[in-house]
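# Chains, contacts and geometry: an overview
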Amino acid sequence: MYQGEQIQAMRETRMGKLVLGSGFLWSDLVCYSIGSAIGLLLESSVWVNSRVMHTRRNTEKHLMKKGKDV
C-alpha cells in the first residue's frame with residue numbers, strides 16, 4: 001500500500017480513511033470479486049429486462065398499426 005505523505009494526511013481524515021482505507025488484506029479481494037459479480041448480475045438482469053420491454057412495446061405498436069388486438 002502506498003505510504004506517501006499526502007496520502008497519509010488524507011487517511012487521517014474520516015472521509016480519507018473510508019475511501020482509501022487503512023490497511024490491506026488479501027481476503028478483501030474475495031469480497032471485491034463477489035461484490036463485482038453481484039453488481040454485474042444485477043446490471044445484466046436490468047439490461048435484459050429493459051430489452052424485453054422495448055421489444056414488447058415495439059411488437060405491440062406494430063400489431064396496433066396492422067389493426068390487431070393486443
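Since this is a predicted model, take the numbers as computed values, not measurements.

A few words on the overall build of the protein chain. From N to C terminus, the protein chain includes three helices and zero strands. Order of helices (α) and strands (β) in the protein chain, N terminus to C terminus: α-α-α. For 70 residues, the compact-globule estimate of 2.2 N^0.38 gives 11 Å, and the protein chain exceeds it by more than 25% at 24 Å. Considering only C-alpha atoms, the protein chain reaches an extent of 70 × 25 × 15 Å along its principal axes.

The subject of this paragraph is a nonpolar patch on the surface. Together, Met 10, Met 15, Leu 18, Val 19 and Leu 20 make up a nonpolar patch on the protein surface, roughly 530 Å² of accessible area in all. Looking at which element gives the most residues to the nonpolar patch, the answer is helix α2 (residues 14-20), with four residues. Along the chain, the position of Val 19 falls in helix α2. Take Val 19: its relative accessible area is 62%, and that puts it in the exposed class.

Looking now at the confidence of the model for the protein chain. Residues of the protein chain with pLDDT of at least 70 account for 94%, and the chain-wide mean is 83. Ranking the elements of the protein chain by mean pLDDT puts helix α3 (residues 26-65) last with 84 and helix α1 (residues 5-11) first with 91.

Within the structure shown, the criterion is met by one aromatic pair. Arranged with centres 5.2 Å apart and planes meeting at 80°, the rings of Phe 24 and Trp 26 form a pair that is edge-to-face. By relative accessible area, Phe 24 is classed as partly exposed at 43%. Accessibility expressed as a relative area gives 67% for Trp 26, which makes it exposed.

Conventions we followed
- Residues numbered from 1 in each chain as written.
- Predicted model: local features only at pLDDT ≥ 70, side-chain atom pairs only at ≥ 80, totals over all residues.
- Heavy atoms only, no water.
- Helix = DSSP H or I, 4+ residues; strand = E, 2+ residues; numbered from the N terminus.
- Rg over C-alpha atoms; globule rule 2.2 N^0.38 Å.
- Patch = residues over 30% accessible without salt bridge, like charges linked within 9 Å, V, L, I, M, F, W, Y side chains within 5 Å.
- Areas by Shrake-Rupley, 256 points an atom, 1.4 Å probe, with all protein chains shown as cover.
- Salt bridge = Lys/Arg side-chain N within 4 Å of Asp/Glu carboxyl O.
- Buried < 20%, exposed > 50% of the residue type's maximum accessible area, 1.4 Å probe, protein only.
- pLDDT = per-residue confidence, 0-100.
- Phe/Tyr/Trp six-rings, centres within 6.5 Å; stacked < 30°, edge-to-face > 60°.

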